[in-house]
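Listed below are the residues making up each chain.
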Amino acid sequence: MAQFIESIRMSKRERLVPRLTVRDFVEKIGESALYGGIAPTTRATYQSAMRRHLVPLLGETEVAELNPRRVRRLAQQIDGDSTRGNVLNLLSRVCRHAMDLGYLTENPVSTAEVARVAHRTQPRKILASHDDAKLFSEIEKVSRRYEAALRTTLYCALRIGETAGLQVGDYDPNLHVLRIERQLDSAGRLRPPKWGSVRSVPVGREAHAILISWSEGKGEGDPLFGARGGRMSVGTLRKQLRWTDLVERVGLTGLRIHDLRHTGCSRLARRLASSGEPVHTIRDILGHRSLSTTEGYLHTIDEDMHRAAALLWD
């Protein structure tokens, strides 16, 4: 790997990079670099996607010739949304290495904008505002800590791993801004947020009260929602809440924890948009990779339709 990178550096000084196919490029990068920093289960999934799909379908293509059209063609050749999403996510990792080494000037997977649609295997659920009280009331019966953490997930439109990674000091109560710098992965390791989306999130009154309350008595850098000095485990949260049974009891069958982020994104995006904030600013706040993802949260929902119908009868 070190010799390969040095040869690339020398070639770049001569304004020429060696011609390599995707197959050869992946072999030279090595698995430790390609799969570094991801959970073991995800690594196994990506290795399978590499062996069964990416190399057979794209292995003989030169790295420098990867472009959005080839990415879209690859996506059309793969059956199954989940499998297609895994292959495209893996290809995106390969392309990021190719960008670092001068083979590509941009990531064609991002430009093609097919990955996000490809790996969404379940429909997004958006909580109606009147559902909040009964859901969090049921959660609070089990754990006030989990109730506070999941409210923060909703109000600040966070991924649950980002909520688990929050620390005392991340929130500036004077500016009402929460800094998202890390997330806790499924293996219990801290790493940067998804897509490297380190960002600042505006905080309203409800989230402000929670963040202030759960910071009291703790030192700078302590986990915000951890127990006994440790970090909140998402797996333990699911088990202790018996999440599937809990949402069924309150009439929200099928609601996933990640749907709290979807709901938060929808509410925050729509409120900011109605106040005149540009879409690219909303995208950065929500930590999305593309504008099209953000725009997907600016759709009409049932509550809008009901309100519009009521106006006609006033």
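Reading the values: the criteria
- Throughout this document, residue positions are counted from 1 along each chain, in the order its sequence is written.
- Whole-chain, interface and lining totals are the exception, using all residues; otherwise, since this is a predicted model, local features are given only for residues with pLDDT of at least 70 and side-chain atom pairs are given and counted only at 80 or more.
- As a rule here, side-chain values come from all non-hydrogen atoms in the structure, and water together with hydrogens is ignored.
- To qualify as a nonpolar core, a set must consist of buried Ala, Val, Leu, Ile, Met, Phe, Trp, Tyr and Cys residues joined through side-chain atoms within 4.5 Å.
- Only protein chains enter the accessibility calculation, which uses a 1.4 Å probe. A residue is then buried if its area is under 20% of the maximum for its type, exposed if over 50%, and partly exposed in between.
- Here a helix means four or more residues in a row that DSSP labels H or I, a strand means two or more in a row labelled E, and each is numbered from the N terminus.
- The contact criterion used is simple: two residues touch if any of their non-hydrogen atoms lie within 4.5 Å.
- As used here, the arc is the angular range of directions from the helix axis to the C-beta atoms.
- Throughout, the bend at a residue refers to the angle made by two axes, fitted to the seven residues ending there and to the seven starting there.

Topic: the nonpolar core
- Counting residues in each nonpolar core, the largest one holds 39 residues, and the members touching the most others are Leu135, Ile139, Leu150, Leu178, Phe225 and Trp243.
- Sorting the residues of this core by element identifies α9 (132–142), α10 (144–155), α11 (160–164), β2 (177–180), α12 (205–215), α13 (234–241) and α14 (243–249) as the ones contributing at least two each.
- Ranked by the residues each element gives to this core, the list is headed by α10, at 5 residues.
- Apart from the residues lying within four places of it in its own chain, the contact partners of leucine 135 are Leu127, Trp243, Leu246, Val247, Val250, Leu252, Leu255 and Leu260.
- Within the second largest apolar cluster, 33 residues are counted, among which are Phe25, Val87, Leu91 and Ala98.

Quick notes on α9
- Along α9, the positions that sit buried rather than exposed are Asp132, Leu135, Phe136, Glu138 and Ile139. Mapping the buried residues of α9 onto a view down its axis gives an arc of 155°, with all of them on the same face. In this structure, α9 carries Ala133 and Lys141 as exposed residues pointing more than 90 degrees from its buried face.
- Taken together, the buried residues of α9 touch α10, α13, α14 and α15 (258–274).

Considering helix α4 (residues 40–58)
- Along its length, α4 shows its largest kink, about 45°, at methionine 50.
- Buried residues of α4: Tyr46, Ala49, Met50, His53, Leu54, Val55 and Leu58, and no others.
- Along its buried surface, α4 packs onto α2 (22–29), α3 (31–34), α5 (68–76) and α6 (81–100).

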